[in-house]
Amino acid sequence: MRQQMISTLLVANRGEIARRIFSTCRRLGIGTVAVYTDPDADSPHVAEADAAVRLDGTRGYLDTAQLIAAARTAGADAVHPGYGFLSEKPDFAAAVIDAGLTWVGPPVAAVAAMGSKIEAKKLMAAAGVPVLDELDPAGVTEAQLPVLIKASAGGGGRGMRVVDELSQLPAQVEAARREAQSAFGDPTVFCERYLAAGHHVEVQVLADGHGTVWAVGERECSIQRRHQKIIEEAPSPLVERIPGMRERLFAAARQAATAIGYTGAGTVEFMADASGDFFFLEMNTRLQVEHPVTEQTTGLDLVELQLLIADGGRLDPEPPAPQGCSIEARLYAEDPARGWQPQPGTVHRFEVPPTVRVDSGVVDGSQVSVFYDPMIAKVISTAPTRRRAAAVLADALARARLHGVRTNRDLLVNVLRHPAFLDGATDTAFFDTHGLSGLAAALAGPDAVTLSAVAAALADAAQNRRDATVFAAVPSGWRNVASGYQVKRYTADDGTEHTVRYRFGRTGVQLPDHETVALRSARPERVVLTVAGVDRGFDVARYTNDGQEEIFVDSPLGPVHLSAVPRFPDPTTAVAAGSLLAPMPGSVLRVGANVGDTVRAGQPLLWLEAMKMEHTVTAPADGVLTELNVEPGQQVDVGTILARVEAEPPEKGER
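Everything quoted here is computed from the prediction, not taken from an experiment.

## Focus: helix α5 (residues 108-115)
So, point 1. Listed as buried for α5 are A110, V111, A113 and M114. For α5, the angular spread of the buried residues around the axis is 160°, confining them to a single face.
So, point 2. On the buried face of α5, the contacting elements are α4 (90-98), α6 (117-126) and β14 (278-284).

## Brief notes about the pattern of salt bridges
So, point 1. Per the counting criterion, the structure on display carries 46 salt bridges.
So, point 2. Of the charged contacts in the structure, one is a salt bridge between D56 and R54, with a shortest N-O distance of 2.6 Å.
So, point 3. A relative accessible area of 47% places D56 in the partly exposed class.
So, point 4. Judged by its relative accessible area of 41%, R54 falls in the partly exposed class.
So, point 5. Across the pair E497 and R489 runs a salt bridge, and its minimum N-O distance is 3.9 Å.
So, point 6. If you follow the salt bridges from partner to partner, you end up with R20, R27, E295, D301, E304, R357 and D359 in one network.

## Considerations on the sheet that holds strand β29 (residues 548-554)
So, point 1. Across the sheet, which stays open at both edges, the 8 strands sit in the order β25-β24-β23-β30-β29-β28-β27-β26 with antiparallel pairing between neighbours. Two strands bound the open sheet, and with one partner strand each, they are β25 (508-510) and β26 (517-523). The sheet shows a mean angle of 30° between the axes of neighbouring strands, taken without regard to direction.

## Focus: the domain arrangement of the protein chain
How big an interface is tends to be stated in terms of accessible area lost as the parts join.
So, point 1. Here the domain parsing of the protein chain yields domain 1 (8-104), domain 2 (113-311), domain 3 (325-440), domain 4 (446-564) and domain 5 (579-647).
So, point 2. Each of domain 2 and domain 4 has a C-alpha centre, and these two points are 51 Å apart.

## Quick word on α4
So, point 1. Buried within α4 we find F92, A93 and V96. Along α4, the residues classed as buried sweep out an arc of 100° about the axis, all on the same side. Pointing more than 90 degrees away from the buried face of α4 are the exposed residues D91 and D98.
So, point 2. On the buried face of α4, the contacting elements are α3 (64-74), β4 (78-80), β5 (102-103) and α5.
So, point 3. G100 sits one or two residues past α4 and shows a positive phi near 80°.

## Comments concerning the sheet that holds strand β9 (residues 189-193)
So, point 1. One open sheet accounts for 4 strands, arranged β6-β9-β7-β8; its pairing is antiparallel. Two strands in the sheet have a free side with no partner beyond their single neighbour: β6 (134-135) and β8 (161-163).
So, point 2. Note: strand β7 (residues 147-151) against β9, 5 bridges, orientation antiparallel. Looking at β9, one finds that L148 is bridged to E192.
So, point 3. With respect to the sheet, α6 is in contact with β6, β7 and β9, its orientation differing from that of β9 by roughly 45°.
So, point 4. This element, helix α7 (residues 169-184), spans β7, β8 and β9 of the sheet and lies at about 25° to β7.

## Observations regarding the side chain of S326
So, point 1. Following the sequence through the fold, S326 ends up in strand β15 (residues 325-332).
So, point 2. On the accessibility criterion, S326 (1% relative accessible area) is buried.
So, point 3. Reaching out from S326, the side chain makes a polar contact with the backbone oxygen of S381 at a distance of 2.9 Å.
So, point 4. Apart from residues no more than four positions distant in its own chain, S326 is found in contact with E232, E233, A234, V293, Q296, T297, I380, S381 and T382.

## What to know about the environment of R161
So, point 1. Within the secondary structure, R161 sits in strand β8.
So, point 2. The class of R161 is buried, set by a relative accessible area of 15%.
So, point 3. Excluding residues within four positions of it along the chain, R161 makes contact with V147, L148, I149, Q172, A175, A176, E179, H227 and E614.
So, point 4. A polar atom in the side chain of R161 sits 3.2 Å from the side chain of Q172.
So, point 5. Within polar-contact distance, the side chain of R161 engages the side chain of E179 at 3.4 Å.

## A short note on the nonpolar core
So, point 1. Core analysis: the biggest nonpolar cluster contains 69 residues, and L9, L206, I231, L397, V415, F421 and F431 have the highest contact counts within it.
So, point 2. Of all the elements, helix α12 (residues 386-399) adds the most residues to this core, at 7 residues.
So, point 3. For L206, the residues in contact, after removing those within four places along its chain, are T212, V213, W214, V216, G264, A265, L302, L305, I309 and L315.
So, point 4. Listed in part, the 30 residues of the second largest apolar core include A448, L451, A492 and Y502.

## A word on the environment of D316
So, point 1. Mapping D316 onto the fold places it in the loop between α11 (302-310) and β15.
So, point 2. Accessibility expressed as a relative area gives 51% for D316, which makes it exposed.
So, point 3. Remark: the alpha-carbon pair of D316 and T212, spanning 104 residues in sequence, is separated by 7.9 Å.

## Some remarks on the packing of helix α1 (residues 15-28) against α11
So, point 1. Interaxial distance between α1 and α11 falls to 9 Å at its minimum, and their mutual angle equals 65°. In terms of axis orientation, α1 runs roughly perpendicular to α11. Every pair of crossing elements has a handedness; the one defined by α1 and α11 is right-handed. Note on element contacts: α11 touches α1 through L302, V303, E304 and L307, opposite R20, I21, T24, R27 and L28.
So, point 2. In terms of residue class, the contact of α1 with α11 is built from 5 nonpolar, 1 polar and 3 charged.

## Some remarks on the pairing of β26
Looking along a regular strand, one sees side chains alternate from face to face of the sheet.
So, point 1. Alignment of β26 against strand β27 (residues 526-531), held across 6 bridges, turns out to be antiparallel. Bridging across to β27, V517 finds its partner in V531.
So, point 2. In this structure, the hairpin formed by β26 and β27 is closed by a connection of 2 residues.

## What to know about the packing of α4 against α5
So, point 1. At a minimum axis separation of 8 Å, α4 and α5 run at an interaxial angle of 170°. With respect to α5, the element α4 is oriented roughly antiparallel. Here P90, A93, A94 and I97 of α4 lie close against α5, whose contacting residues are V108, V111 and A112.
So, point 2. A class-by-class count of the residues in the contact of α4 with α5 yields 7 nonpolar, no polar and no charged.

## Here's the deal with unusual backbone geometry
Glycine aside, the phi torsion of most residues is negative, and most peptide linkages are trans.
So, point 1. A cis amide bond links L145 to the next residue, P146, at an omega of -5°.
So, point 2. Within the secondary structure layout, P146 lies in the loop between β6 and β7.
So, point 3. Cis geometry is found at the peptide bond from A234 to P235, where omega equals -5°.
So, point 4. Inspection of the secondary structure puts P235 in the loop between β12 (228-234) and α8 (237-241).
So, point 5. Residues other than glycine seldom take positive phi values, yet A532 does so here, at roughly 50°.
So, point 6. Relative to the helices and strands, A532 is located in the loop between β27 and β28 (534-545).
So, point 7. Owing to a relative accessible area of 62%, A532 belongs among the exposed residues under this scheme.

Thresholds, definitions, all that
Residues numbered from 1 in each chain as written. Predicted model: local features only at pLDDT ≥ 70, side-chain atom pairs only at ≥ 80, totals over all residues. Heavy atoms only, no water. Buried < 20%, exposed > 50% of the residue type's maximum accessible area, 1.4 Å probe, protein only. Helix = DSSP H or I, 4+ residues; strand = E, 2+ residues; numbered from the N terminus. Arc of directions from axis to C-beta. Contact = heavy atoms within 4.5 Å. Salt bridge = Lys/Arg side-chain N within 4 Å of Asp/Glu carboxyl O. Pairing = 2+ DSSP bridges. Axes fitted to C-alpha atoms, helices over the stretch in contact; angles between N-to-C directions. Domains from an automatic or database assignment. Polar contact = N/O pair within 3.5 Å; in protein donor to acceptor, adjacent residues only side chain to side chain. Core = buried A, V, L, I, M, F, W, Y, C linked by side-chain atoms within 4.5 Å. Parallel < 35°, antiparallel > 145°, perpendicular 65-115°, else oblique. Left-handed = near helix turned anticlockwise from the far one by under 90°. Nonpolar A, V, L, I, M, F, W, Y, C, P; charged D, E, K, R; others polar.

Structural data, given as structure tokens:
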């Protein structure tokens, strides 16, 4: 029986998960307190809370003392950690409880037991849960390859490396340790056998303080990049097709939770093979990023149940039976085609069709910061069948208005529409099997880009007419006597340049390079073209960044991003050949060569850290490193000239 109800909750987190928790609090009549660092001062989660407290430093979300002080100052009587940051730190849980606040999470001892993946595997093995053997990095042999290096204290793919050549192991272990230290404050790593084509399957558990333990349902999270999930679904296609596997999974998950006296919401993660054998990976002692697919298929509010359990409440004897299918896609500000580079910057417009659930950390005008994870939203579909859920989610993503930062939207849509995905062939080698380059291809094909450029030019002409102070009714560039064409030039994301020539005359607009295209109507924000007898609408939006005009054209043919080519380029913006530009804002971790060194194409020259991940900058060609403009510890902005490689002249007799 509950002794006291939570009245005001501080969420020790940011962005999407803070907003998600606040939404449940509002429904339950619970007051809310947000915390924020300076980069997040204008974040939606701050505006939506009843009160907000500023934290010092960009790492303020990791500062226990500041978070406890914020709760006291704002009058909160409970703390929810969200996920990431301090959510799985037993010292933080203990500090919350010692401060006399209600901890919305599992017992401190359970958090500690699962906090080290190394120790957690030993506990699970003792409890009879199947595990993969832990391997000491120093003792790995050729016969044990490939192996997966993992951070003992972490998750989210940080500190993970796959190694299939023994000679690479020492360097990869050191890189994993650096990343683990940066992300979790603990450099401890270990190895285990790597299942190259395994299935990542997890079970959502809930346990109250009265002995009831639920296995709510399973999720499959095998579509991953850098060992971090990007598409999750419930139920698991693998589990659905193997008789008896669900029962065995649920029994193992309940066994794991019971073994450590667990209460609250948690997830027991397993790696499974195609035959249905599975092995314990880890237990996340918190709410998972992908929890919405379980909510969508069960009708439960997992945050509400967390609050109920924290208040001392009881679960029903059995959870509701799942129904239907739900798929979640994580929308990241990143470029899959360029090594998943994060793309910090301004989100000019964020609008997703109402056919799906959206858990988002951004609104129009939000900034994606270099200091934190680049996930900007989770988009979730629900339908009676898996194929219908995939179709609905792919359609919603394709139609979404995503203007500003580059995202992984096209990749997500291509995966959701891929025959192998639709058939349930979703192991962790999906990108290797089907080719990342093809999966990351733009949704808009060459013809769609061409038509979008035409629409952009005619929308610009309509804008010029709207802005005109005299002769506003006269079309832009109109001449009573035939004259030259007006010309607009645009660069697409693939580097191709598109020239649009047009002229307004007595019979309408003339497009000499597009004979099958006619203008139906044009406004600054929408153009309708008749293409080979079919009317097609194009929505056009323009933004100016640092003097560069960016155009986003949305249509059923696919979203297109164009950059207007200036009529008179600024000569001071030219960059010397061979220059290496910073692909993102970040900090220089290491330098791998000195000025005067001979380098080879692809050789690592610099390592940058951004959004808690390492990014390698390599030599573009064989040559000599003639400039090095940065040093370790230096902060750089996107576009900063880091170094320059001067190509080697050809040998005598070569051409």
